[in-house]
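Residue-level listing of the chains:
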Amino acid sequence: MKVNQRVVRTKRLLQEALLRLMNKKPLDKITVKELCEESGINRTTFYRHYGVPRDVLIDMEADFSNQLKERFDVTKINDISSYSEELLTYLYNHSDILKILILNNSADDFMRIINSMFEKVLQSKSKYPAISGADDDNIKLISTYIAGGGYFMLRRWLLEDIRKTPKELSDLILKYMNYSSA
């Protein structure tokens, strides 16, 4: 399917404008009129793609989530430590958008992706002797537990600007994953 470059440009301009406005005030206080003025896009064009400013943020989250899935294919993990550090480095480098998504309660899709990633990792049970006998339901529950803790650890790390490098955080997560699965 060919992507219309005008649509891509319009959405990018609206996303950039939304981010600028959100640096000044909360999302629920941003009007369509303000967003259109800030982006240089007319209201008719806005309504062709979105209903409300929050829809622009949801679109940004979907774009970020898709990029994350494409870049970090869990089926190709060779070394979990390197993979984890690379993933956390990527998230740290994109912390501006992640903070906005987290603070505006639009990180549900992001949380589902993290959970799915952990679930796929854990399905290769041979790498994790402690869960080798786990059935599919247990794998789902274990991955939810790990992903939830990992998500809230990541959230706190980013929002509170905790002075840990991506490698230090990766090592910490993996240390407790290994500890808790023993």
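Heads up: the structure comes first, above all this text.
Residues numbered from 1 in each chain as written. Predicted model: local features only at pLDDT ≥ 70, side-chain atom pairs only at ≥ 80, totals over all residues. Heavy atoms only, no water.

### Examining the overall build of the protein
Across its full length, the protein holds 9 helices and 0 strands. Evaluated residue by residue, the protein yields a buried proportion of 40% over its 182 residues. When the accessible surface of the protein is split by element, carbon and sulfur atoms take 51% of a total near 11300 Å². (Helix = DSSP H or I, 4+ residues; strand = E, 2+ residues; numbered from the N terminus. Buried < 20%, exposed > 50% of the residue type's maximum accessible area, 1.4 Å probe, protein only. Areas by Shrake-Rupley, 256 points an atom, 1.4 Å probe, with all protein chains shown as cover.)

### What to know about the packing of aromatic side chains
Aromatic ring pairs: the centre-centre distance and the angle between the two ring planes describe each pair. Within this structure, the stated rule accounts for 7 aromatic pairs. The interplanar angle of 85° and the centroid separation of 5.9 Å between the aromatic rings of phenylalanine 72 and tyrosine 83 together place this pair among those described as edge-to-face. With phenylalanine 72 in the loop between α4 (53–71) and α5 (80–93) and tyrosine 83 in helix α5, this pair connects stretches of sequence that are 11 residues apart. Judged by its relative accessible area of 3%, phenylalanine 72 is buried. For tyrosine 83, a relative accessible area of 13% puts it in the buried group. (Phe/Tyr/Trp six-rings, centres within 6.5 Å; stacked < 30°, edge-to-face > 60°.)

### Observations concerning the packing of helix α6 (residues 95–103) against helix α8 (residues 136–159)
One can describe the packing of α6 onto α8 by two numbers: an axis separation of 10 Å at closest approach and a directional angle of 115°. Our classification of the angle between α6 and α8 gives roughly perpendicular. Viewed along their axes, α6 and α8 form a crossing whose handedness is left-handed. Residues Ser95, Leu98, Lys99, Ile102 and Leu103 of α6 touch α8, and the partners they reach there are Tyr151, Arg155, Leu158 and Leu159. A per-class count over the contact of α6 with α8 returns 6 nonpolar, 1 polar and 2 charged. (Axes fitted to C-alpha atoms, helices over the stretch in contact; angles between N-to-C directions. Parallel < 35°, antiparallel > 145°, perpendicular 65-115°, else oblique. Left-handed = near helix turned anticlockwise from the far one by under 90°. Contact = heavy atoms within 4.5 Å. Nonpolar A, V, L, I, M, F, W, Y, C, P; charged D, E, K, R; others polar.)

### Let's talk about the pattern of salt bridges
Should their charged atoms come close, side chains of opposite charge can pair. The full count for this structure, using the stated rule, is 7 salt bridges. Here aspartate 59 ties to lysine 11 by a salt bridge, and the two come within 3.6 Å at their closest N and O atoms. Linking aspartate 59 in helix α4 with lysine 11 in helix α1 (residues 5–22), this pair joins segments that are 48 residues apart in sequence. A residue is classified by how much of its surface remains accessible, and lysine 11, at 26% relative accessible area, is partly exposed. Taking the shortest distance from any N to any O, the salt bridge between glutamate 160 and arginine 156 comes out at 3.0 Å. (Salt bridge = Lys/Arg side-chain N within 4 Å of Asp/Glu carboxyl O.)

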